[in-house]
Amino acid sequence: MASFLRRKFQSIRFADLIAVLFVLIFCLSGILTLSEYGMTWDEGLGNFFFGERYLRYVSSFNANYLNFNEYLSMHKEQSLDLYKSPWRGTPEAFPALADIASAATMYIFSYKLGWLDPVDGFHLFSVLLVSMFLLIFYFFASKRLGKYVALFSLFFLGVFPRLWGDMHFNEKDIPEMVFFGFTLLAYWAWFEKPSWIRTIIVGIAGGAALGVKANALFLPIFFILGSWPINLKELWIHIKTRFLKYILMAITGIITFFLSWPYLYSNPFNAKKYFLLIFAQGGRIGSPTWNWQPLSITAAVIPEFMLLCLLIGVVFSAIQITRNKKTIYRFALVWLLLPILRISIPPSLNFDGIRHFLEFVPGAALVAGIGAAAIINLIGQQNKTRRISIALILFLFVSVNTGLAINTFGSYQYLYFNNIYGGLPGGQRVFGQDEATDYWGSSYRKGIKWLNENAERDSKLYVPVAGHIVNLVESIWLRDDIQVINKEEFTELVNDDQPVYIMFITRPSFYNEVTQEYLSTLDPVYEINVDGVPILVIYRMK
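Residues numbered from 1 in each chain as written. Predicted model: local features only at pLDDT ≥ 70, side-chain atom pairs only at ≥ 80, totals over all residues. Heavy atoms only, no water.

## Remarks on the side chain of T252
Here is step 1: Its place among the elements puts T252 in helix α12 (residues 232-259).
Here is step 2: Apart from residues no more than four positions distant in its own chain, T252 is found in contact with I200, G203 and I204. (Helix = DSSP H or I, 4+ residues; strand = E, 2+ residues; numbered from the N terminus. Contact = heavy atoms within 4.5 Å.)

Structure, rendered in C-alpha cells:
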C-alpha cells in the first residue's frame, strides 16, 4: 500500500502541486482581505438590489419580487435595506447572472451562516470564481504550452494588481472577464476536438458571459481571428464540417442568456433596452478618432517585469505564428490585443482604468508566460538544472515586483500604476485625476471607520460624491448616532453649531459647489493617501 501511494505521489508533477498551492493561497488570501474593501459605485446603484430580488425570485418564482418599485417586507428583514438603491427602476442596466450568484453567497455566508459581513458575502463570489478560473487556466496552458508557460502565466495573472483589487468588489467586470475566459478556453478545447457536448459547453459559457456584460457579443470575432484557418480551402472545410455545431453553439448561448435574466421572462424584447443602453455608452460621447488611451493605460497598469515578459512573448508568438504556423500562439495574441482594439476604435469611450476591457488580462498573462518561458529556454538551453535556476530567478523578479506593489498600494491595488509611468501621481498627470483615484468609492468603508472612532456624538454626515453608497451601508457600518444628510439638509445646517462632516472621494467630475468650497478653503481632518495621492477626504464644517 505504501509503495502504491508513493508511486501515485511521484506521478503528480511538482509544477502542478505548486499551481494548486498557489491558487489555494490566492483564494484564502482573497477571502481574508474582503473586509478591506467596501461597497462600490455601481453595486450601490443596483447590483445589490437586483441580485437580491432576482435570487428571491428564482428560489420562489414569486412574481412580486420582479415588481422593483414596490417596497417588500424582505427589505425590513435584512440588515441592508437595498430598496434605497437609486437605480432600482432601471432593471435593463443590470444583467442578472453575476448579481444572483453574488447575492447567493451573501445569503449563505452572511445571512444564514453569519460568517461574513453582508457586503463581504456579496463579494465572496468573485473571489471563488477567479480562484476556480486560475486553476483551469493553468491546466489549459500546461497541456498546450508547457509547464513553464503555465506556471508563469498563473503567477502573472494571480498577482496582477488591478485584478487582485477589483476581485474584491467588482461584481460585473471580474465575472465577465472570467466567463469570457472560460468561453475562450472551452472553444479552443472544442476547436481541437469538436463534439456535441463540447459545443453545448461553449454555448453555455458564452451565454453566461453575455448574461454578465455585453462584451461577450465580440466572442465570435475572437473565435474567427484566433483560430479559424487562413487558407480559404481549409476555411471552407472548417465551416462546412462544423456548421451545425456553430448553430447549436449560438442557440445554446442565446437560451442561456435569456434564462439567466428573469427581467426578460415576461418580455424577451426587454433585452433590446439593455443593448441600446450599452451601445449608447450611457449617453457619453466617445472619441471621433482612434483612441490611444486604452493602449497607453494598459501599458501603465502592467507591472514592470510582466511588461518585459509580455513584449518578449509578443515577439516570440509572432515568430511561432509565421514560421511554425502554431495557431495556439495566434489565439493568445488575439486574446491579448482584441479587447484593447475594441475599445480604441471610434466612437468607443474608455473610463475607469481598464475595467471595461478587463478580459484582455488573462491573454496578457498567457503571452507574458510565453515570454518568460522563452527567456528560460533561451538561456537554459538543454541544461535542465540551468533552466530551473533561471526559472527561480524569474520567479524572484515576479515576487519583488509584487512586493513593491503591495508596499506602495496596499489594499488599493485597483489603483495601481507602474513606476514607468510614475506610480499613481504619474497616472494623474498622464490620464487625469478621475482615472487615478478611487473612482469606485470602495474607500468609504475606511472613511466610515474613521468617523466611528473620531466623530462627536450626534454628528451629521454629508457625502456629496456617490452618497448612495453610504446611504445603503450606514445600517451595518456607521455609528447609530451619526446621521447621514442630503445636500438640502446640509445647507440648512451651515450656520448651526452641530458637528457636521463632509466626506467624499476625490473624483473631480462629480464635484459640486460644496466639495469645491471645502477643497479650496479648509484642510481635511482625515484623508486616505495612496502613493502620496489623496483618494478620500473628510472635512469638519466649522
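Resuming the write-up.
## Things to note about the nonpolar core
Among soluble globular proteins, nonpolar side chains are generally buried collectively.
Here is step 1: In terms of nonpolar packing, the biggest core is built from 183 residues, with F156, Y444, L461 and M503 touching the most fellow members.
Here is step 2: Residues in contact with F156, not counting those within four places in the same chain, are F305, M306, C309, A365, A368, G369, A372 and V398. (Core = buried A, V, L, I, M, F, W, Y, C linked by side-chain atoms within 4.5 Å. Buried < 20%, exposed > 50% of the residue type's maximum accessible area, 1.4 Å probe, protein only.)

## Regarding the environment of D481
Here is step 1: When you line up the elements, D481 lands in the loop between α21 (467-477) and β2 (483-485).
Here is step 2: Judged by relative accessible area, D481 falls into the buried class, the value being 14%.
Here is step 3: Note: C-alpha distance between D481 and G427 (54 residues apart in sequence) is 39 Å.
Here is step 4: Not counting residues within four places of it along the chain, the set of residues in contact with D481 comprises E456, R457, D458 and S459.
Here is step 5: Within polar-contact distance, the side chain of D481 engages the backbone nitrogen of D458 at 2.8 Å. (Polar contact = N/O pair within 3.5 Å; in protein donor to acceptor, adjacent residues only side chain to side chain.)

## Some thoughts on empty space enclosed by the protein
Here is step 1: Scanning the entire structure with this criterion turns up 4 cavities of 30 Å³ or more.
Here is step 2: Roughly 90 Å³ of internal volume is contained in the largest cavity.
Here is step 3: In terms of lining residues, the largest cavity is bounded by F156, V159, F160, P161, P303, F305, M306, V398, N401, T402, A405 and Q413.
Here is step 4: Secondary structure elements with two or more residues in the lining of the largest cavity: α15 (304-324) and α18 (384-409).
Here is step 5: Take the lining of the largest cavity: its biggest share by element is 4 residues, from α18.
Here is step 6: Its residues assigned to classes, the lining of the largest cavity shows 9 nonpolar, 3 polar and no charged.
Here is step 7: Quantified by volume, the second largest cavity comes out at close to 60 Å³.
Here is step 8: Every residue along the wall of the second largest cavity is listed here: N47, A93, F94, P95, A98, D99, E171, K172 and V212. (1 Å grid on protein atoms, 1.4 Å probe; cavity = no way out; pocket = protein on both sides within 12 Å on 5 of 7 lines; lining within 4 Å. Points joined across faces, edges and corners; volume = space filled by probe spheres on them. Nonpolar A, V, L, I, M, F, W, Y, C, P; charged D, E, K, R; others polar.)

## Concerning unusual backbone geometry
Here is step 1: The residue after P346, namely P347, is reached through a cis peptide bond having omega 5 degrees.
Here is step 2: Despite not being glycine, K325 shows a phi value in the positive range, around 55 degrees.
Here is step 3: Residue position: K325 is located in the loop between α15 and α16 (327-342).
Here is step 4: A relative accessible area of 62% means that K325 is categorised as exposed.

## Points about the packing of aromatic side chains
Here is step 1: If you walk through the whole model with that rule in mind, you get 60 aromatic pairs.
Here is step 2: Here F169 and Y414 contribute two aromatic rings whose centre-to-centre distance is 4.8 Å and whose plane-to-plane angle is 85 degrees, an arrangement assigned as edge-to-face. Placement of the pair is F169 in the loop between α8 (161-166) and α9 (173-192) and Y414 in the loop between α18 and α19 (423-431), with a sequence separation of 245 residues.
Here is step 3: Given the relative accessible area of 0%, F169 is considered buried.
Here is step 4: Residue Y414 is classed as buried on the basis of its relative accessible area, which comes to 0%.
Here is step 5: Above the ring of W41, the side-chain terminus of R507 is found at 4.9 Å from the ring centroid. (Phe/Tyr/Trp six-rings, centres within 6.5 Å; stacked < 30°, edge-to-face > 60°. Lys NZ or Arg CZ within 6 Å of the ring centre and 35° of its normal.)

## Examining helix α23 (residues 513-521)
Here is step 1: Looking at α23, one finds that the buried residues are V514, T515 and Y518. Angular distribution of buried residues about the axis of α23 spans 95 degrees; they occupy a single face of the element. Away from its buried face by more than 90 degrees, α23 exposes S520 and T521.
Here is step 2: Looking at the buried positions of α23, the neighbouring elements they touch are β1 (460-462), α22 (487-492), β3 (500-505) and β5 (533-541). (Arc of directions from axis to C-beta.)

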